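Understanding the architecture of this molecule
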Amino acid sequence: SLDFWRLLYTLLKQIHGGKWTQSDAIDNQIRFVKSALWYHGYDRPELYRLPSDGSAGSRELLLAFSWLLHRLSLLEQLLARNRVKTGDETSVCTCEDDLPNSQKGTTEIAPEYGLEDGVDVRYLQWLNGRLRFQWRSLHAQHQELCKLLHKIHLFTSGSHMDQILGHFSVTETDLVRQPENYKQLLQLLESETMQLEAFLEWKQLEPVYWQWMETVLDNMSEEGNTCESQDAHAEKSRLPKATSCCPWADSLTGQIDRLSRDLMTLHDQLHKLVTHRKATWCEKVKTGGEELQKEGFSAAARKIQESVELKLLDLTYLCAPKKNKMHGSCRLVFRSKHPASKTGFGRSVSKEHVSAVSATEVIRELQMREASLERELKQLREECRQRLDEIAEGLDGVICISP
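Anyway, here's the lowdown on the structure attached to this text. It should be emphasised that the depicted structure is a prediction, and the values quoted were computed from it without experimental measurement. (Residues numbered from 1 in each chain as written. Predicted model: local features only at pLDDT ≥ 70, side-chain atom pairs only at ≥ 80, totals over all residues. Heavy atoms only, no water.)

With respect to the packing of aromatic side chains
- In total, this model carries eight aromatic pairs according to the counting rule given.
- Between tyrosine 9 and phenylalanine 32, the aromatic rings sit 5.6 Å apart at their centres with planes inclined by 85 degrees, giving edge-to-face as the arrangement. Here tyrosine 9 is found in helix α1 (residues 2-15), whereas its partner phenylalanine 32 is found in helix α2 (residues 26-39), with 23 residues between them in sequence.
- On the basis of relative accessibility, which here comes to 5%, the residue tyrosine 9 falls in the buried class.
- On the basis of an interplanar angle of 85 degrees and a centroid distance of 5.5 Å, the ring pair of tryptophan 38 and tyrosine 48 is categorised as edge-to-face. A residue pair is termed long-range when its members are at least 10 positions apart, and tryptophan 38 in helix α2 and tyrosine 48 in helix α3 (residues 45-48) qualify at ten residues.
- Exposure remark for tryptophan 38: the relative accessible area of 57% places this residue in the exposed category. (Phe/Tyr/Trp six-rings, centres within 6.5 Å; stacked < 30°, edge-to-face > 60°. Helix = DSSP H or I, 4+ residues; strand = E, 2+ residues; numbered from the N terminus. Buried < 20%, exposed > 50% of the residue type's maximum accessible area, 1.4 Å probe, protein only.)

Some details on the packing of α1 against helix α4 (residues 58-71)
- Taken N-terminus to C-terminus, the directions of α1 and α4 make an angle of 25 degrees; their axes are 10 Å apart at the nearest point. By the angle class used here, α1 and α4 are roughly parallel. Classified by chirality, the crossing of α4 by α1 is left-handed. Contact residues: Phe4, Trp5, Leu8, Leu11 and Leu12 in α1; Ser58, Leu61, Leu62, Phe65 and Leu68 in α4.
- A per-class count over the contact of α1 with α4 returns nine nonpolar, one polar and no charged. (Axes fitted to C-alpha atoms, helices over the stretch in contact; angles between N-to-C directions. Parallel < 35°, antiparallel > 145°, perpendicular 65-115°, else oblique. Left-handed = near helix turned anticlockwise from the far one by under 90°. Contact = heavy atoms within 4.5 Å. Nonpolar A, V, L, I, M, F, W, Y, C, P; charged D, E, K, R; others polar.)

Focus: the nonpolar core
- Counting 29 residues, the largest nonpolar core has Leu37, Leu47, Phe65, Leu68 and Leu74 as its most contacted members.
- Mapped onto this core, the elements with two or more residues apiece are α1, α2, α4, α5 (74-81) and α9 (182-238).
- A per-element tally of this core places α4 first, with eight residues.
- Counting the residues that make up this core, at least three belong to each of domain 1 (1-82) and domain 3 (179-224).
- Among all residues touching leucine 37, those that are not within four sequence positions of it are Leu12, Tyr42, Leu47, Tyr48, Ala64 and Leu68.
- Formed by five residues, the second largest nonpolar core is a distinct cluster that contains Val92, Met326, Val357 and Val362. (Core = buried A, V, L, I, M, F, W, Y, C linked by side-chain atoms within 4.5 Å. Domains from an automatic or database assignment.)

A few points about α4
- A rise of 1.5 Å per residue sets the reference length of α4, with its 14 residues, at 20 Å; its end C-alpha atoms lie 20 Å apart and thus fit the reference within 8%.
- Judged by how many residues are buried, α4 sits mostly within the fold: ten of 14 residues are covered.
- All of the buried residues in α4 are Glu60, Leu61, Leu62, Leu63, Ala64, Phe65, Ser66, Trp67, Leu68 and Leu69. (Expected span 1.5 Å × (residues − 1).)

Keep in mind these numbers describe shape, not what the thing actually does.
And the structure:
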């Protein structure tokens, strides 16, 4: 069990980009593994009941490890993170970051609790300003990095043996300047080759592993059913039998019957009330033709029309034929302004034009996403302003002037 806890701790630490050492206390490792599995959505309660000293739970850990293999593509993620990058790459993502259903529910429930009274709004404003400053600093550093990469690609243009690339990357330029570093790079490439060979061997034996895991799951389900039946039998033996010797059984049954009759009566009354309300509302709608021409209704109709137009724009964007969303790491390839080759970056260095991704295409996708987010932000701001106006109307002796 201890070895399995350490294995999961090491793997999950690598996925989350954190540093790990063997000297970490076992209780801290177990706490981290449990929190990481909970973060990824593993909700089996038996795992979280395991002791913090790592003395038990090898089969539960095996089940959690198999879940990580299947759900998160654990090995593929580790290979991608430990890959030796010899070329200049950048991450491109045009996928929409929709929240899962669980996060959406949490987001809707969270505002009910609100912030504690001890939190100062000025402190939140300071945090927001600090975050914006760090974001701008990161953006400026990224722009500087792009300028330096452009200089390297431009000055080394025509020096590479591969005519598709035509220029050196940062790693290749460093090897040209310091040839003694090639031994370290060669060791890293050999280590990556060994990992890839082990991964290919695993893919050949993977069906055997999943067949074995099916037997493990069957055994666990059988043991769980046995325990449940024993618990249910013990619970039944402890429960008193509701026979005629119990004086409260007949009275309880009578109360249930009376409650059922009352509920049926209330259901009929509510049905009649809803029918009456619908008829009344239909009459009001028919007789309210003259009021429909008033200025208040026209303004409301104008707002409704604008909201519908925004929704239609989003709907047309969502219902458009889905393109292959770009996601992942792409290698930066410098392209001159010659008509034969456009400026862009390719997913690979192959000669197939299909694998190339133009920078202008990525910019266009991001601009469309930005426009959609701007419309959503405008709508949310309007809803917040209306909500604040409603709150201000309920305050006596206070005059609120909008900026």
